[in-house]
Amino acid sequence: MREFKADLHCHSNCSDGTLSPSEIIQLAKSIGLQGLSITDHDTVAAYNDPAVVSSEELTIITGVEFSCSVNGESIHVLGYGFDPKHPMILDLCSRHTLRRKERNMEILELLKKHEMPLTLEDVGREEGYNVGRPHIALAMVRKGYVPSVQVAFKKYLGEGCSCYAPGKTFSVETTLDIIHIAGGIGVIAHPHLIKKGPIISRLLELEFDGIECIYGNFTSKDNARWLKIAAHKELLVTGGSDFHGEVKPAIALGASYIDKATFDKILEAT
Ligand code: AMP
Ligand code: FE
Ligand code: FE
Ligand code: ZN
């Protein structure tokens, strides 16, 4: 019998991934995943796609990755198992879309000042999709301003760089409340990437239900620290690749995954 694998973190082209929701479903089935969640940044539009439904081969759990801040630091919160049509979830997503529109204009202004003018047409996204820094980075590559997306982030778009704008922020507390009201669970996304210890301590005081202990291309040794904390705090364990398609070619769908017992605990909690 094949090993059960569930990847609970990936992005479609509803946010900054390059595959459509139905292409992700196809890919998940072709590589033998049995559990999946599409966790787009600040949007649940993937769940409007009729292809995104559970089947005998693949159980789908609703997901989202909300951008938040705590003590001025940017933090990602994963939500799972909520009602994707809940008015409070849809309202939070609309407020994020507006936040992103304003922030993207600020970033384009900064790029203009640095002699790298770009228009919204250059960024090239249809109305209704969430635009993020990766789209701006890709447009910078197309214009020949930078050789790669990595360089665009490293030199200009990364936090603290000359063309970075944080934009409006939403608190972790409000975000968790909304996920809970919509029947879901809230999970600390990729703690591996949080550099400051006090931020982790602060997050562990909040109403999270789980931690994304198994993540991306990190090794089991890296993940062990988070598994230990989850056990100690009696938090659910989640895991996933953070697959984005061509924007992050080094990370494949299924690069990180959880087993059946871990997946069943999440299903039980939602
Ligand atoms: P935003 O949501 O607009 O703040 O953009 C954040 C997203 O940018 C992250 O979720 C990643 O997908 C992407 N990102 C961040 N740093 C990099 C990087 N160095 N290279 C490629 N993508 C990145
Ligand atoms: Fe992303
Ligand atoms: Fe993230
Ligand atoms: Zn992500």
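In what follows, the structure referred to is the one given above.
As the structure is a computational prediction, the values presented were derived from the model and not from experiment. (Residues numbered from 1 in each chain as written. Chains lettered and ligands numbered in written order. Predicted model: local features only at pLDDT ≥ 70, side-chain atom pairs only at ≥ 80, totals over all residues. Heavy atoms only, no water.)

## Description of the coordination of the zinc ion (ligand 4)
- The protein atoms donating to the zinc ion (ligand 4) are H9 (NE2), H11 (NE2), E65 (OE) and D242 (OD), with metal-donor distances spanning 2.0 to 2.3 Å.
- Considering all four donor atoms around the zinc ion (ligand 4), angles at the metal cover 80 to 171° and the coordination shape is irregular.
- Spacing between the donor residues of the zinc ion (ligand 4) along their common chain follows H-x1-H-x53-E-x176-D.
- Separating the zinc ion (ligand 4) from the iron ion (ligand 2) is a gap of 4.7 Å. Each member of the pair H9 and H11 is classed as buried. (Donors = N, O, S within 2.8 Å, 3.2 Å for Na, K, Ca; no water. Tetrahedral: all angles 85-135°; square planar, octahedral: opposite > 155°, others 65-115°. Buried < 20%, exposed > 50% of the residue type's maximum accessible area, 1.4 Å probe, protein only.)

## Considering the coordination of the iron ion (ligand 3)
- Within the protein, E65 (OE), H76 (ND1) and H190 (NE2) serve as the donor atoms for the iron ion (ligand 3), at 2.0 to 2.2 Å.
- On the primary sequence, the residues serving as donors to the iron ion (ligand 3) are separated as E-x10-H-x113-H.
- Here the iron ion (ligand 3) and the iron ion (ligand 2) are spaced 5.8 Å apart. In this pair, E65 sits in strand β4 (residues 63-70) while H76 sits in strand β5 (residues 73-80), placing the two residues eleven residues apart along the sequence.
- On the basis of relative accessible area, H76 is assigned to the partly exposed category, the value being 21%. (Helix = DSSP H or I, 4+ residues; strand = E, 2+ residues; numbered from the N terminus.)

## A closer look at the sheet that holds strand β2 (residues 35-36)
- With respect to topology, three strands assemble into an open sheet ordered β1-β2-β3, the strand pairing being parallel. Of all strands in the sheet, those with a lone pairing partner are β1 (6-7) and β3 (59-60), marking the two edges.
- The pairing of β2 with β3 spans two bridges and is classified as parallel. Bridge pairing in β3 links G35 to T59. (Pairing = 2+ DSSP bridges.)

## A word on the packing of aromatic side chains
- Counted by the stated rule, this structure contains two aromatic pairs.
- One cation-aromatic arrangement involves K260 over F4; the distance from NZ or CZ to the ring centre is 5.7 Å. (Phe/Tyr/Trp six-rings, centres within 6.5 Å; stacked < 30°, edge-to-face > 60°. Lys NZ or Arg CZ within 6 Å of the ring centre and 35° of its normal.)

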